[in-house]
Amino acid sequence: MIYFQDVSVNYGKQPVLLNFNLEIGGQEFVSIVGHSGAGKSTLIKALIGAVPLFQGAIQVDGYDITKFDFETLQEYRRKIGVVFQDYKLLEKKTVYENVAFALEVCGLKEEDIRERVYEVLGKVGMLEHTNRFPHELAGGEIQRVAIARALVHYPKLFIADEPTGNLDYWKAREILAILTELNAGGVTVILATHNRELVDELNQRVVTLKDGRLISDKQNSGYELDLLREAAGEVEIIIGE
């Protein structure tokens, strides 16, 4: 369970989240939407402890993450799967080595690493590419590897910020199918994407931000999305920053 409680975040003197309140239950799939500058990426950064709060608290499973010391915060982050649009792979490492590296730094045994790596690469359909290097992969394949790397710690919370921004419609749908399958398996998924078509296709909860404030929180359907856009005064939904 995730609670944002009266959260405000400033960049300099400029507020980017204002008295923000949001509750996300376990095993939910939530899309975060809003124009560029609405505060979506800041919300995600706050959730992973990457930006300080001006006020408020963020609780995850009953723990206030804003009070974590450095070591506790690092341990918390290792339990979260996070993928960004520009999530860079290590160019001199193979697909297998990129995913394995996330476990090697934690000191796992080689046999345990091998088992986990093959498992997550199988989930994202990349088992046939274990020995290829990033420059040999297409954009959708790179993002699949990034997702595999984020899954290798078996997270219960998976955050995807603009995961399909550089992909065409069909490749983006493939990534969305992976996230939907993760959610069906019990993982809480928070998705931020500028891809309006993908959001329209999801029968899931949609949270809309505008100027750092929550302005709508609804279950997605074509009709409700039309109302959402009208209420927000938006012609298009743009998610992620």
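Caption draft 1: Quick look at the overall build of the protein chain. Looking only at helices and strands, the protein chain features eight helices and ten strands. The buried share of the protein chain, taken over its 241 residues, is 48%. Relative to all contacts within the protein chain whose residues are 6 or more apart in sequence, the contacts with residues 24 or more apart total 68%. Counting every atom, the protein chain has about 12000 Å² of accessible surface; 49% of that belongs to carbon and sulfur. A gap of 3 Å separates the mean positions of the 26 positive and 36 negative side-chain charges of the protein chain.

Caption draft 2: Representation of the pairing of strand S1 (residues 2-11) within the structure. As paired strands, S1 and strand S2 (residues 14-24) are joined by seven bridges and run antiparallel to one another. Its bridge partner being in S2, Asn10 is matched across the sheet by Pro15. In this antiparallel pair of consecutive strands, S1 and S2, the connection spans two residues, and Gly12 shows a positive phi of 70 degrees. Note: S1 against strand S4 (residues 55-60), five bridges, orientation antiparallel. From the neighbouring strand, Phe4 faces S4, where its bridge partner is Ile58.

Caption draft 3: Quick look at unusual backbone geometry. Positive phi values are uncommon outside glycine, yet Asn19 reaches one of about 45 degrees. Looking at the element boundaries, Asn19 is found in strand S2. Of note, the phi angle at Tyr154 is positive, near 55 degrees, even though the residue is not glycine. Note that Tyr154 resides in the loop between helix H5 (139-151) and strand S7 (157-161).

Caption draft 4: Local environment of the environment of Asn203. Here Asn203 lies in the loop between helix H7 (196-201) and strand S9 (205-210). According to the relative accessible area criterion, Asn203 is exposed, its value standing at 56%. Residues Asn203 and Leu137, 66 residues apart in the sequence, show an inter-C-alpha distance of 31 Å. In this structure, Asn203 is in contact with Gln219 and Asn220, ignoring residues within four places of it in sequence.

Caption draft 5: Representation of the nonpolar core in the model. Grouped together as the largest cluster of nonpolar side chains are 37 residues, with contacts concentrated most on Val99, Ile147, Phe158 and Leu179. Of all elements in the fold, only helix H3 (95-104), helix H4 (110-123), H5, S7, helix H6 (169-184) and strand S8 (188-192) reach the threshold of two or more residues within this core. When residues no more than four places from it in sequence are discounted, the contact partners of Ile147 are Val83, Val124, Phe158, Ile175 and Ile178.

Caption draft 6: Main features of the packing of H3 against H4. Interhelical geometry of H3 versus H4 gives an angle of 125 degrees and a closest axis separation of 9 Å. As summarised for this structure, H3 and H4 are arranged oblique, according to the angle between their axes. Between H3 and H4 lies a crossing of right-handed hand. Only Glu110, Ile113, Arg114, Arg116, Val117, Tyr118, Val120 and Leu121 of H4 make contact with H3, whose side of the interface consists of Val95, Tyr96, Val99, Ala100, Leu103 and Glu104. Taken together, the residues that form the contact of H3 with H4 break down as ten nonpolar, no polar and four charged.

Caption draft 7: The side chain of Ser31, seen in detail. Take Ser31: it is sitting in strand S3 (residues 29-33). Setting aside anything within four residues of it in sequence, one finds Ser31 in contact with Leu191, Leu202, Arg205, Val206 and Val207.

Caption draft 8: Seen up close, the sheet that holds S9. With respect to topology, six strands assemble into an open sheet ordered S6-S7-S8-S3-S9-S10, the strand pairing being mixed. Looking at which strands have only one partner, the edges of the open sheet turn out to be strand S6 (80-84) and strand S10 (213-219). Recorded for the sheet is a direction-independent mean angle of 15 degrees between the axes of neighbouring strands.

Caption draft 9: Main features of a nonpolar patch on the surface. Taken together, Leu90, Phe101 and Val105 make up a surface patch of nonpolar side chains, about 250 Å² in accessible area. Locating Leu90 in the fold gives a position in the loop between S6 and H3.

Caption draft 10: Structural view of the sheet that holds S1. Spatially, four strands are ordered S2-S1-S4-S5 in an open sheet, and the strand pairing comes out antiparallel. Looking at the sheet topology across the chains shown, the edges are occupied by S2 and strand S5 (63-64). Bridge count for S4 against S5 is two bridges, and the pairing is antiparallel. Within S5, the position partnered with Val60 by the bridge is Tyr63.

Conventions used here
- Residues numbered from 1 in each chain as written.
- Predicted model: local features only at pLDDT ≥ 70, side-chain atom pairs only at ≥ 80, totals over all residues.
- Heavy atoms only, no water.
- Helix = DSSP H or I, 4+ residues; strand = E, 2+ residues; numbered from the N terminus.
- Buried < 20%, exposed > 50% of the residue type's maximum accessible area, 1.4 Å probe, protein only.
- Contact = heavy atoms within 4.5 Å.
- Areas by Shrake-Rupley, 256 points an atom, 1.4 Å probe, with all protein chains shown as cover.
- Lys, Arg positive; Asp, Glu negative; His and termini not counted.
- Charge placed at Lys NZ, Arg CZ, Asp CG, Glu CD.
- Pairing = 2+ DSSP bridges.
- Core = buried A, V, L, I, M, F, W, Y, C linked by side-chain atoms within 4.5 Å.
- Axes fitted to C-alpha atoms, helices over the stretch in contact; angles between N-to-C directions.
- Parallel < 35°, antiparallel > 145°, perpendicular 65-115°, else oblique.
- Left-handed = near helix turned anticlockwise from the far one by under 90°.
- Nonpolar A, V, L, I, M, F, W, Y, C, P; charged D, E, K, R; others polar.
- Patch = residues over 30% accessible without salt bridge, like charges linked within 9 Å, V, L, I, M, F, W, Y side chains within 5 Å.
- Salt bridge = Lys/Arg side-chain N within 4 Å of Asp/Glu carboxyl O.

That is the geometry; function is a separate question.
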